[in-house]
Amino acid sequence: MADKPTVTIIGLGSMGQALASAYLEAGHRTTVWNRTPAKADDLVARGATRAATVSDAVWASDLVVLCVLDYAAVDELLAPNADVLKDRVVVNLTNGRPDQARRTGEWATAQGAEYLDGGIMAIPSMIGTPEAFILYSGSRTAFERYEAALRVLAEPKFVGTDAGLAALNDLALLSGMYGTLAGARHATALVGPERAAEFTTSLLIPWLQAMANILAPSSAEREAGDREAGDLPSEESPLDMQAAGLANIIEASRSAGVGVDLLTHLLTPMRDIIAAGEGDVLTDLVEVIGKEIRS
Ligand code: FVH
């Protein structure tokens, strides 16, 4: 234990509990603090040290990990404790926007801390498993010094010294996830509850995996300006064909009593683009959504 950095976890919701457990299991001396103290009881029984105050929690460790609901909570916790941040490495794994991460990073650095912002790409039960990864941005020197300790939680991926980059990539990945989950939910509603489990395992997951694999354009396509990352191959999947297929999904959904808002959101602007004669250029759903957002 002696050569392992000491770690503090502030925030013991579902995710903070998983993070603290991972450090305890990996043999790090672990200090914990939570606004509702009882949430620390189990961790303390397993060897964690309970800090009485946030100040004590920050003071206790080399690495100070925050994982709370939002940046308003981060501000409430850190602002009154500016005097103990000097020489600490603050790792903020709270979900937020890039501007919030930059602002917190600048403020923490001004107090003499090193700052890493993070985006956790995992749910709590995935912490410590090979599937989990965490995006980091901010102080490269802090990241390199503590990379081994960060690896206890998940595969650490450093995305840049701009503290906002982890949040930016996190939000982008989550938007991909929510779009996929919404589409998957629609798909299972369409086949019906009796078939949903078998359909998901044997058909939906393999299909989504196959489609994920075609998202990246080949280097030749990219060089020719033929296809952006995230588009479907334009020659193979022209927009008017997609609009006809989408209309069928909408009609079948209506007949099955499944809500169609998710799909009409795509079909209406898609038809507008086809009517405007832009179909040869804008041949993918992502571009359609982008156009709608910009208009
Ligand atoms: N759980 C998940 O699936 C996701 C996975 C990806 C990353 N997120 C982000 O992690 C942050 C924490 O999420 P969580 O799952 O731990 O959330 P909760 O279980 O709801 O716990 C929230 C903790 O925040 C504390 N808290 C809230 N407001 C304040 C405040 N004003 N001052 C101090 N602490 C505050 C709360 O304390 P308490 O209610 O127990 O007293 C919990 O410790 C989050 O950014 C996710 O987006 C999780």
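Worth saying up front: this structure is predicted, and the values here are computed from it rather than measured. (Residues numbered from 1 in each chain as written. Predicted model: local features only at pLDDT ≥ 70, side-chain atom pairs only at ≥ 80, totals over all residues.)

A. Layout of the sheet that holds strand β5 (residues 89-92). Read from one edge of the open sheet, eight strands run β3-β2-β1-β4-β5-β6-β7-β8, paired in mixed fashion. Edge strands, defined here as strands with exactly one partner in the open sheet, are β3 (49-50) and β8 (155-160). Judged from the two bridges that link them, strand β2 (residues 30-33) and β3 form a sheet pairing that is parallel. Bridged to T31 within β3 is T49. Contacts from helix α7 (residues 165-191) reach β6 (114-121), β7 (133-138) and β8, with the element oriented near 10 degrees to β6. (Pairing = 2+ DSSP bridges. Helix = DSSP H or I, 4+ residues; strand = E, 2+ residues; numbered from the N terminus. Contact = placed C-beta atoms within 7 Å. Axes fitted to C-alpha atoms, helices over the stretch in contact; angles between N-to-C directions.)

B. Quick peek at the pairing of strand β4 (residues 63-66). Both faces of β4 are covered, namely the face carrying L63 and V65 and the face carrying V64 and L66. With four bridges connecting them, strand β1 (residues 7-10) and β4 associate as parallel partners. What sits directly across from I10, in β4, is L66. Handedness of the crossover joining β4 and β5 through helix α4 (residues 71-78): right-handed. (Buried ≥ 20, exposed ≤ 12 C-beta atoms within 10 Å, placed from the backbone. Right-handed = clockwise from strand over helix to strand, strands pointing away.)

C. Up close: the packing of helix α10 (residues 239-255) against helix α11 (residues 261-275). Running from N to C, α10 and α11 point in directions that differ by 145 degrees, and their axes come no closer than 10 Å. Crossing of α10 against α11: the hand is left-handed. For the pair formed by α10 and α11, the contact residues are L239, D240, Q242, A243, L246, A247, I249, I250 and S253 on the first element and L263, T264, L266, L267, M270, R271, I273 and I274 on the second. (Left-handed = near helix turned anticlockwise from the far one by under 90°.)

D. Region of interest: helix α8 (residues 193-213). In a regular helix each residue adds 1.5 Å, so 21 residues correspond to 30 Å; α8 covers 28 Å between its end C-alpha atoms and thus fits that length. Burial analysis of α8 places just zero of its 21 residues in the buried class, which makes it a mostly uncovered element. (Expected span 1.5 Å × (residues − 1).)

E. Highlighting the environment of A189. Looking at the secondary structure, you find A189 in helix α7. For A189, a count of 15 C-beta atoms within 10 Å puts it in the partly exposed group. Separated by 166 residues in sequence, A189 and Y23 place their C-alpha atoms 40 Å apart.

F. Geometry of unusual backbone geometry. Positive phi is not limited to glycine here, since D87 has a value of about 70 degrees. Within the element layout of this structure, D87 appears in the loop between α4 and β5. Take D87: there are 10 C-beta atoms within 10 Å of it, and that puts it in the exposed class.

G. A look at helix α5 (residues 98-110). Taking 1.5 Å per residue, 13 residues should reach 18 Å; α5 reaches 18 Å between its end C-alpha atoms and fits that length. What α5 keeps buried is the set Q100, A101, T104, G105 and A108. Angularly, the buried residues of α5 cover 130 degrees about the axis, an arc narrow enough to put them on a single face. Projecting away from the buried face of α5 at angles above 90 degrees are the exposed residues D99, E106 and A110. Contact partners of the buried residues in α5: α4, β5, β6, β7 and α7. Immediately downstream of α5, the backbone of G112 shows phi near 95 degrees, a positive value. (Arc of directions from axis to C-beta.)

Keep in mind these values describe shape, not function.
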